[in-house]
Every structure is written in C-alpha cells, then in structure tokens.
Amino acid sequence: MKLLPKAQEFWFITGSQHLYGPETLRQVSHHSQQIIEGLNNGGRLPVNLVFKALLTTPDAIRELVREANNNPQCAGLVAWMHTFSPAKMWIGGLTHLQKPMLHLHTQFNRDLPWDTIDMDFMNLNQAAHGDREFGFMNARLRRPQAVVAGHWENAETQTRLAGWMRAATAWQEWKGARFARFGDNMRQVAVTEGDKVAAEARFGFTVDGYGVGDLVEVVNQVADAEVDRICAEYEELYNVVPALRKGGDRHASLRTEARVEAGIRQFLQSGNYSGFTTTFEDLHGLDQLPGLAPQRLMAEGYGFAAEGDWKTAALLRAMKVMAHGLPEGVSFMEDYTYHMEPGNEMVLGSHMLEICPSIAKGKPSLEIHPLGIGGKSDPVRLVFESPAGRGLNASLVDMGNRFRLLVNAVDAVETPAPLPNLPVASAVWKPLPDFRTGLEAWILAGGAHHTGYTRAIDPTVLEHFAEMAGIEYLLIGEDTRLAEFRDKTRWNDLYYTLSSRGH
Ligand code: MN
C-alpha cells in the first residue's frame, strides 16, 4: 500500500497509587515495561506500544490525558491496573479523554507460584480487582469501552489487542481525512446519500464535490512520459491482452486509461485526498468510465466507491488502514447476482469495473470490453477472481438519526466453474449464518448493495471502530437469529432516539 497510514503509536499506561511504597511501584513499572516489550516483540501488533507513565495521582492522570489528546502521533491508550488504583483519581482524566482507550485486563505472572505465594505477591499482582475498580469507572462514566482479558503472552490476547489497535489507527486516520467526489450521487439512488454534516461531526472527515471538468483539466495535462511509465508497469504487473499491448490495435485505450489514472492520482495528491468517488452519469470530457484507474488507486490504498457513494469510499479507506501490513486486501464490492441452487447458495460479488486487485487470486488479466450502460468508449479493466476463506462485507448507512455499520461475515469460496464470458473481477461467497438468514437480516437492516469486502480483518475490528465512533454496529454472523436481530434493530432505534449518540 503506497498511501500509508499516518505515523502512529499507542501509549501504555499503568495505574497504581502511592500506598504501596516506592519499591513496589518500581516493580510495577518494571513489569509494565516487560509486558510492553513482550507485546511489541510478539509480531502481531500493527504499530508499537510505548510505555508512557505509571499514574498514581489525579493531576498526573489529567496531564497525561491532555498530552494524549494533543499528540497527533498518539492513536490511543492501553490501560492496565497491575495494582489497585482508586478510580475516583481517574474521573478528571477520563471525562476529558478524546482518544480511544483499551482496557487490557492481564496479569504479569501467568501461573500462580502455589508453593511460595505470600501476601507480598498478593499485594503486587492485583489486576483481578484493580482492573475491576477501573472498569467500574469507565462503566459509570458511560465511556465507550473496549476490554481485552487474558495473559499478555497469549496469542489470542495479542491478536485481539492488535484488532483494536487496527480499528484505532483507522479512526485516527479519519480525523481530518478528505474525500473527493467527481460528480454527484447516481440519480434517484437512496442508500448512497447521507448527511455530510453529521458525518464530519461524528467521523472527522470531509467530502468535497468537484465537477468532472476539474478532473479532466488535470488529466489532459498529464505528461506522455508518465503515461509511458504507467503502461510499462501494467505490462510488468498484469497479463495484458495482446490488443492492449504496445503495437496492439486497442493500445490507445490503455494509454487513455493510464492518463486518467495519472490525472486522478495527481488530483488526489495535490488536494491531500485519501479517497474518491466517480459516477458513470457524469463523465463529460472523459472518454471512458474510469475502471482500471480506480482499481489501481484502490490497490495503492485510496478509498473508492462508485456512483457518488462517499460513505463507502470513506469506509474503504478506513478498512485499508485497518488491514495495513496484512497479506489479504480490501475492495469496493457489490452484491451483484445469486446462485440459488438448494443447499449450495452463493453470492457473486462484482461491479461494473471497479474491484480492487488487492483481493486477486493470482495475476490479474488486463482486458478491454464494451460497457453495457453509459454509452462511452470501451473501458479497460483488470479481470480476476478472489480466493476462498472467511471474510466479511461491511456497509455504512445513514439511518437519518444515526449511522449504522452493518457487517456480514461470509465464507468466500472458489469460483465453482470458469467464467469465460464475465469481463469483470469477481468474488464468490456464502453469507453467514446461512444464505436465507444472511440476506434477510441484511435487507431488514437496510444494508447497502455497496460494501467494503475483505478477508484481512474479522468483524471485531469493525465493532471496535463503531464503538470509537459512537455509532450503531450490527453483525450478521454465525450466531445470528432473525427474530432477535429484528428486535435489536428496534431496540437500537429507541436507544439512539433517547441517547445523545445519534447524529
Ligand atoms: Mn454500484
């Protein structure tokens, strides 16, 4: 991913009190540093934890929180109470904390030393009740909470902590992020609309609209040498069909798309944008619907969605940051069509053109085909299939009084047969818990046809993300039962009507 996430780190803080005396506090500090070293060396965390402070007074806690709020590198706090830290000390700090916080409920020793355990040991290793005191204060203050319980050397504990960190880095990334929208919403489409003021207030990103002519101006000024360079890169990275290669009778179309790619990239770079949308209804001055260009830019880390869908473009960028450094990719996706064979039902996901090659199985093929709608020149596009395995689709919808993040866990499967006539990239999956329940729950919840699709992260990462944003989170997964799911949507309606956490 070329468009890297902002440089970030997480601050580890340990709570205690002076009652224990300096010797115990030194030990607490030492243990904290050993834990951090172990976590950082575990190979699972996306960025480093830094030991920030052993906190024993309300003033020190308030000061630490001020510092965390103001430090752009700090993506969040990881808090642990090795000993007892009376939680009234934390009120002043926690009520002002603006960064995400995870409560790591762990213990320095994995095993109890049964034959030597004495009261000194008991007084040092008190997370079992020290963390409960801290937990009470977070609950009492109605703070968004994330808790991971388990020994710090345990792989699952580290993976779960890493998942929360991935969510927090994406959350931090959205602060001040900018998305460009070429053209408006596809006419009459409802789910891709939404309240941009509410979105900026809640999420921290802005969406700027442009006439497609603003982009065309940049595209037309792209140097031929840049077009040459990009075309050479295509030949290196993809199986380019002969007609599109240098000397082929459609090579001009490839150069046109390379020019569009370079133009959009320059436009995004100069405006500091981390994602964009297009719409096939507004292409004045562009020869073809950008297809390959969004595919390439998505693979570089840009958020993208078609038809003016700025919410999915922003979500896609967030998911790209969550998945940063992991082997699997993230793509814009659309539930396109169904295979309804009894007992073997599947969804074929795709789009008119714009699926990200970061989810490709094998080397993509670069092809040119006519586009069924739009009445423009034939667009070039990367064609590929996607690998099998557990994955998810995520959709961010505007419910009018709140945003809803809807996630469906899916089992991606190998494409059951060759697709010789399908001129677009695709993925095939089976929704959880089963085809019927997955589809019905998605539709009851108002989930969009556009999603972010990935096999890189699991739903808990998105759950943390929704919690940080203070928005509704609904999962359709292995344990989903339709009647309960429907009730949950109703209870949530009431919750967001009564609470201040809506728009
Ligand atoms: Mn679409």
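Structure: above.
Rules behind the numbers
- Residues numbered from 1 in each chain as written.
- Predicted model: local features only at pLDDT ≥ 70, side-chain atom pairs only at ≥ 80, totals over all residues.
- Heavy atoms only, no water.
- Salt bridge = Lys/Arg side-chain N within 4 Å of Asp/Glu carboxyl O.
- Donors = N, O, S within 2.8 Å, 3.2 Å for Na, K, Ca; no water.
- Helix = DSSP H or I, 4+ residues; strand = E, 2+ residues; numbered from the N terminus.
- Buried < 20%, exposed > 50% of the residue type's maximum accessible area, 1.4 Å probe, protein only.
- Phe/Tyr/Trp six-rings, centres within 6.5 Å; stacked < 30°, edge-to-face > 60°.
- Patch = residues over 30% accessible without salt bridge, like charges linked within 9 Å, V, L, I, M, F, W, Y side chains within 5 Å.
- Areas by Shrake-Rupley, 256 points an atom, 1.4 Å probe, with all protein chains shown as cover.
- Polar contact = N/O pair within 3.5 Å; in protein donor to acceptor, adjacent residues only side chain to side chain.
- Contact = heavy atoms within 4.5 Å.
- Pairing = 2+ DSSP bridges.
- Axes fitted to C-alpha atoms, helices over the stretch in contact; angles between N-to-C directions.

Asker: In this structure, what is going on with the pattern of salt bridges? I would like to understand it.
Answerer: Under the defined criterion, the tally for this structure stands at 29 salt bridges. With a closest N to O distance of 2.9 Å, R110 and D111 form a salt bridge. The network of salt bridges with shared partners includes K2, E226, R229, E233, E261, R265, R296 and E300.

Asker: What is the right way to look at the coordination of the manganese ion in this model?
Answerer: Within the first shell, the manganese ion binds the protein through E307 (OE), E334 (OE), H351 (NE2) and H450 (NE2), at distances of 2.1 to 2.2 Å. All donors of the manganese ion come from a single chain, and their spacing in sequence reads E-x26-E-x16-H-x98-H. Linking E307 in the loop between β10 (303-305) and α12 (310-322) with E334 in strand β11 (residues 330-339), this pair joins segments that are 27 residues apart in sequence. Neither residue differs from the other here; E307 and E334 are each classed as buried.

Asker: Sorry if this is basic, but what is going on with helix α11 (residues 292-299) here?
Answerer: Three- or four-residue spacings in an α-helix give side chains the same orientation, since the helix completes a turn every 3.6 residues. Within α11, seven of the eight residues are buried, which leaves it mostly tucked inside the rest of the structure. Of the residues making up α11, those classed as buried are L292, A293, P294, Q295, R296, L297 and M298.

Asker: Hey, could you run me through the packing of aromatic side chains in this one?
Answerer: Pairs of aromatic rings are described using the distance from one ring centre to the other and the angle between the two planes. Counted under the stated rule, the structure contains 24 aromatic pairs. Between the aromatic rings of F179 and F205, the centroid separation amounts to 5.3 Å while the plane-to-plane angle is 80°, which identifies the pairing as edge-to-face. One end of the pair, F179, is in strand β6 (residues 178-182); the other, F205, is in the loop between α7 (196-203) and β7 (206-210), with 26 residues separating them in the sequence. We classify F179 as buried; its relative accessible area is 1%.

Asker: Could you clarify how one ought to interpret a nonpolar patch on the surface in this entry?
Answerer: Together, L112, W114, I117, M119 and M122 make up a nonpolar patch on the protein surface, roughly 530 Å² of accessible area in all. Relative to the elements of secondary structure, M119 occurs in helix α4 (residues 119-124).

Asker: Would you mind showing me how to read the side chain of T454 here?
Answerer: Along the chain, T454 falls in strand β18 (residues 450-454). Only 2.9 Å separates the side chain of T454 from the backbone nitrogen of A456, close enough to count as a polar contact. When neighbours within four sequence positions are excluded, T454 is seen to be in contact with M319, G329, V330, G391 and L392.

Asker: Hey, could you run me through the sheet that holds strand β13 (residues 365-368) in this one?
Answerer: Strands belonging to one sheet form pairs held by backbone hydrogen bonds; the direction of such a pair is parallel or antiparallel. Across the sheet, three strands lie side by side as β8-β13-β14; this open sheet has mixed pairing. Pairing within the sheet leaves two strands with one partner each, and these edge strands are β8 (239-240) and β14 (380-383). The sheet contact formed by β8 and β13 spans two bridges and is parallel. The residue of β13 that forms the bridge with N239 is S365. α11 contacts β13 and β14 of the sheet and is inclined by roughly 50° relative to β14.

Asker: So what exactly am I meant to see when it comes to the side chain of N492 here?
Answerer: Inspection of the secondary structure assignment puts N492 in helix α15 (residues 482-498). For N492, a relative accessible area of 16% puts it in the buried group. Leave out the neighbours within four places in its chain, and N492 touches R402, E472 and L474.

Asker: Which parts of the structure should I look at to understand the sheet that holds strand β2 (residues 49-55)?
Answerer: Ordered in space as β2-β1-β3-β4-β5, the five strands form an open sheet in which the pairing is parallel. Looking along the sheet, the strands with just one partner apiece sit at the ends: β2 and β5 (147-149). Put simply, the sheet's adjacent strands are angled 25° from each other on average, direction ignored. Sheet topology note: the strand β1 (residues 9-15)/strand β3 (residues 74-80) ladder contains six bridges and is parallel. Across the sheet, the residue bridging to I13 is A79, located in β3. Packing against the sheet, helix α1 (residues 22-40) makes contact with β1, β2, β3 and β4 (101-105), and its axis sits at approximately 165° to β2. Sitting on the sheet, helix α5 (residues 127-140) touches β3 and β4, and the angle it makes with β4 is about 155°.

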